[in-house]
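Coordinate inspection notes
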Amino acid sequence: MLSPVSRYRTGAVPLAMRAILLVLLVAITCQAPGLAMAYTYDITEQPDLTADVQGVTEYFPGEDFTLAVDLTNTARAESMQLAPFRKANLYNPTTALGVSVVPEAGDAPVTIRSLPVVAGDIDSSDIVPVTIRGTVSQDAPSGTSTIFLNITYKYVSAIPGTDANLKTITPVYNQVQELLPVTFRVKGQVRPVVCGTESINM
């Protein structure tokens, strides 16, 4: 029968060896380029787009309209500095990348005549103007109506490193699709139309 001292020594040696081997394995893995561990930097900020109509927003039934809309990215700028990759402003997660705009009538009494628009990249605090053209229906009721801008874009959501020094990085992108409302008003009064002129001798 083994003494208590013998049992203690027999169990302690393998446990200590396993701990040492684990430390050595982690150190070798982090230092060897071929065995490097990936580093992922999660990002909490993202773009925030709004649509604001500028200029005239009131039209008569049957009238053609042109809406000037500003697409604004109201997100706060976030510069990325990846340690140990010492280079700031490498990526801005609040930039909306490859923004496309598709105007949609929804339930509004209008016919949209504008084609889809590629607005490109919209950085933080940037404003990109977009024009929407169409025609108000002849039987459109008076009041406020809403059309929508179907917006799609992507942004950097995480940055995993493929080696320990982060010399090679492959950003992870999130795809976004959202509807931004654009309101205008249909006038209820009849628009005066000049049918012709006639001279009257007095």
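Look up: the structure comes first, before these words.
Residues numbered from 1 in each chain as written. Predicted model: local features only at pLDDT ≥ 70, side-chain atom pairs only at ≥ 80, totals over all residues. Heavy atoms only, no water.

**A closer look at the overall build of the protein chain**
Worth spelling out the cut-off: The secondary structure listing takes helices from DSSP runs of H or I that are at least 4 residues long and strands from runs of E that are at least 2 residues long, numbered from the N terminus. Here's how the labels work: a residue is buried when its accessible area is under 20% of the maximum for its type, exposed when over 50%, partly exposed in between, all with a 1.4 Å probe on protein chains only.
Along the protein chain, the regular secondary structure elements total 1 helix and 10 strands. Written out in order from the N terminus, the α and β elements of the protein chain read α-β-β-β-β-β-β-β-β-β-β. Within the protein chain, the proportion of its 202 residues that are buried is 31%.

**Thoughts on the packing of aromatic side chains**
The criterion, for reference: Centre distance within 6.5 Å is the pairing criterion for rings of Phe, Tyr and Trp, where only the six-membered ring of Trp is used; planes under 30 degrees apart are then read as stacked, over 60 as edge-to-face, and the remainder as tilted. Any Lys NZ or Arg CZ found within 6 Å of a ring centre and within 35 degrees of that ring's normal is scored as a charge over the ring.
Within this structure, the stated rule accounts for 2 aromatic pairs. Taken together, a centroid distance of 5.7 Å and an interplanar angle of 50 degrees make the contact between Y59 and F65 tilted. The residues Y59 and F65 share a single accessibility class, namely buried. On the numbers, 5.8 Å between centres and 20 degrees between planes, the contact of F65 with F184 is stacked. In this pair, F65 sits in strand β4 (residues 64–73) while F184 sits in strand β10 (residues 172–186), placing the two residues 119 residues apart along the sequence. Judged by relative accessible area, F65 falls into the buried class, the value being 3%. Residue F184 is classed as buried on the basis of its relative accessible area of 3%. The rings of Y59, F65 and F184 are connected pair by pair, giving a single aromatic cluster. K154 extends its terminal NZ or CZ atom over the ring of Y173, reaching a point 4.5 Å from the ring centre.

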